[in-house]
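# What the coordinates show
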Amino acid sequence: MTISLIVHGGAGSWRPGSESEAVASMSAAVEVGRKMLAAGGSALDAALASAVALEDNPIFNAGTGAVLNLDGFVEMDACIMVSPGECAGEAFSTARIGAVTGLQRVKNPIIVAKQVMEETDHVMLTGDGAQRFARVMGHADYDPITADRRADWQDKRAKLESELELRGQPETESRQFKLRSFLKTHPEFAGGTIGVVARDAQGVICAATSTGGYTMKLPGRVGDTPLPGCGTYASLFAGSSATGTGEYVIRSLACRQISDNVERGMTLAQAVEAMLDQLGRDFDADVGFIAIDANGVPYGNHRTRDMPHAYFSGTSAIVAKMRVEK
Ligand code: ASP
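In this report, the structure presented in the accompanying data block is examined. (Residues numbered from 1 in each chain as written. Predicted model: local features only at pLDDT ≥ 70, side-chain atom pairs only at ≥ 80, totals over all residues. Heavy atoms only, no water.)

### Overview of the overall build of the chain
- Scanning the chain from terminus to terminus reveals nine helices and 14 strands.
- On C-alpha atoms alone, the chain measures out to a radius of gyration of 18 Å, which is about the 20 Å that the 2.2 N^0.38 rule sets for 326 residues.
- The principal-axis extent of the C-alpha atoms belonging to the chain is close to 60 × 45 × 35 Å.
- Taking as baseline every contact in the chain between residues at least 6 positions apart, the subset at least 24 positions apart corresponds to 68%.
- Just so you have it, the chain exposes about 13,000 Å², and 52% of that area is on carbon and sulfur atoms.
- Computed over 31 positive and 39 negative side-chain charges, the inter-centroid distance for the chain is 3 Å. (Helix = DSSP H or I, 4+ residues; strand = E, 2+ residues; numbered from the N terminus. Rg over C-alpha atoms; globule rule 2.2 N^0.38 Å. Contact = heavy atoms within 4.5 Å. Areas by Shrake-Rupley, 256 points an atom, 1.4 Å probe, with all protein chains shown as cover. Lys, Arg positive; Asp, Glu negative; His and termini not counted. Charge placed at Lys NZ, Arg CZ, Asp CG, Glu CD.)

### Structural notes on helix H8 (residues 254–263)
- Within H8, seven of the ten residues are buried, leaving the element largely enclosed by the surrounding structure.
- Packing partners of the buried residues in H8 comprise strand E9 (232–234), strand E10 (238–244), helix H7 (246–252), helix H9 (268–283) and strand E11 (287–293).
- Just downstream of H8 lies Gly265, where phi reads positive at about 120 degrees. (Buried < 20%, exposed > 50% of the residue type's maximum accessible area, 1.4 Å probe, protein only.)

### Comments concerning empty space enclosed by the protein
- The tally for this structure, following the rule as stated, stands at one cavity of 30 Å³ or more.
- Estimated volume of the largest cavity: approximately 30 Å³.
- The wall of the largest cavity is formed by Val67, Leu68, Arg149, Asp152, Trp153 and Thr215. (1 Å grid on protein atoms, 1.4 Å probe; cavity = no way out; pocket = protein on both sides within 12 Å on 5 of 7 lines; lining within 4 Å. Points joined across faces, edges and corners; volume = space filled by probe spheres on them.)

### Here's the deal with the side chain of Ser235
- Tracing the backbone through its elements, the reader meets Ser235 in the loop between E9 and E10.
- Within the local environment of Ser235, its side chain forms a polar contact with the backbone nitrogen of Phe237, the two atoms lying 3.0 Å apart.
- Excluding residues that lie within four positions of it along the chain, Ser235 makes contacts with Ser83, Ile205 and Ser259. (Polar contact = N/O pair within 3.5 Å; in protein donor to acceptor, adjacent residues only side chain to side chain.)

### Examining the pattern of salt bridges
- Taken as a whole and assessed by the stated rule, the structure comprises 14 salt bridges.
- Residues Arg305 and Asp306 are paired through a salt bridge, measuring 2.9 Å at the closest nitrogen-oxygen approach.
- Members of the salt-bridge network, linked through shared partners, are Glu19, Arg305, Asp306 and Arg323. (Salt bridge = Lys/Arg side-chain N within 4 Å of Asp/Glu carboxyl O.)

### As for helix H2 (residues 43–55)
- Between its first and last C-alpha atoms H2 spans 18 Å; for 13 residues at 1.5 Å apiece the expected length is 18 Å, and the two agree.
- With eleven of 13 residues buried, H2 is to be regarded as a mostly interior element.
- Within H2, burial applies to Ala43, Leu44, Ala46, Ala47, Leu48, Ala49, Ser50, Ala51, Val52, Leu54 and Glu55. (Expected span 1.5 Å × (residues − 1).)

### Notes on the sheet that holds strand E13 (residues 309–313)
- Read from one edge of the open sheet, eight strands run E6-E5-E2-E8-E7-E1-E13-E14, paired in mixed fashion. Of all strands in the sheet, those with a lone pairing partner are strand E6 (124–126) and strand E14 (319–321), marking the two edges. Here the average twist between neighbouring strands, direction ignored, is 5 degrees.
- In this structure, E13 lies alongside E14, joined through three bridges in antiparallel fashion. Residue Tyr311 lies in a different strand from E14, and its bridge partner there is Val319.
- Against the sheet, helix H1 (residues 19–38) touches strand E1 (4–8), strand E7 (194–199), E13 and E14, its axis set at about 30 degrees to E13.
- Sitting on the sheet, H2 is in contact with E1, strand E2 (76–82), strand E5 (96–103), E7 and strand E8 (205–211), with an inclination near 160 degrees to E7. (Pairing = 2+ DSSP bridges. Axes fitted to C-alpha atoms, helices over the stretch in contact; angles between N-to-C directions.)

Spatial relationships are all this shows, so hold off on functional conclusions.
If you want it as structure tokens, here you go:
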């Protein structure tokens, strides 16, 4: 069966000058997983390894380099989901899922998500409980905030405060709804979430997504990334990972819909395009997806200017791009 792997580095607009680094990092992350799949490794191990490579890269908004919330701290979300099938010599008749939300001081949230899946009876752990679990699993105390992200936050926070002051409203009362329009007028905040979908020689599909959410989100906000069926999903028919404003993705149960539409007979490309169309019609949403189907065909597209991504299938070379040209 055809092995394949696809990664994304977040839907949004990348700063000029950072594009070639983002595309090269995509390619390198695919190569990490490609080697494992080619050696007979599982989709789970390959997706995890590619995701860790991207979490460790500070240019992406996941793990090291995660963005800061309104109060200036990080709350990271991650999810990994594996379709039914054989994994490491064991047969699983149903899909498996692990997720974490609101993690603050851990280097690799995606590894913690996998451990939730494998070492607990649960699907998802949040906040303090997730962090305590991570420590028990041996994850050291780690501050993922980089100097760049801190400086970026200070700049945005100052802008936000001056805009709120200009509008003459007390911050506490205006925050909730002012934030949305503020974020719209500062689109450079979007992007950088990471996602991976892999298919192994056994036909198992694994999807993994990890993010800091978006800059200036309200503390406690949970996005689409850790929610199975929303930002991350894997079935025997297709697996996908979403990026962009998570609230729209949640309200559309987007990744689940992609798999279901493939099961109903759409091609993977049709299913992704149909989801992008729906999100466009309903919300004019700034979103993107990567996906792989049961034949090992990778596909990705987005409604934002950029979505760095890279993929390979079978024995093909790795293709890496900043955006899908329309
Ligand atoms: N989907 C992520 C979230 O809403 C953000 C992103 O992909 O840019 O948390």
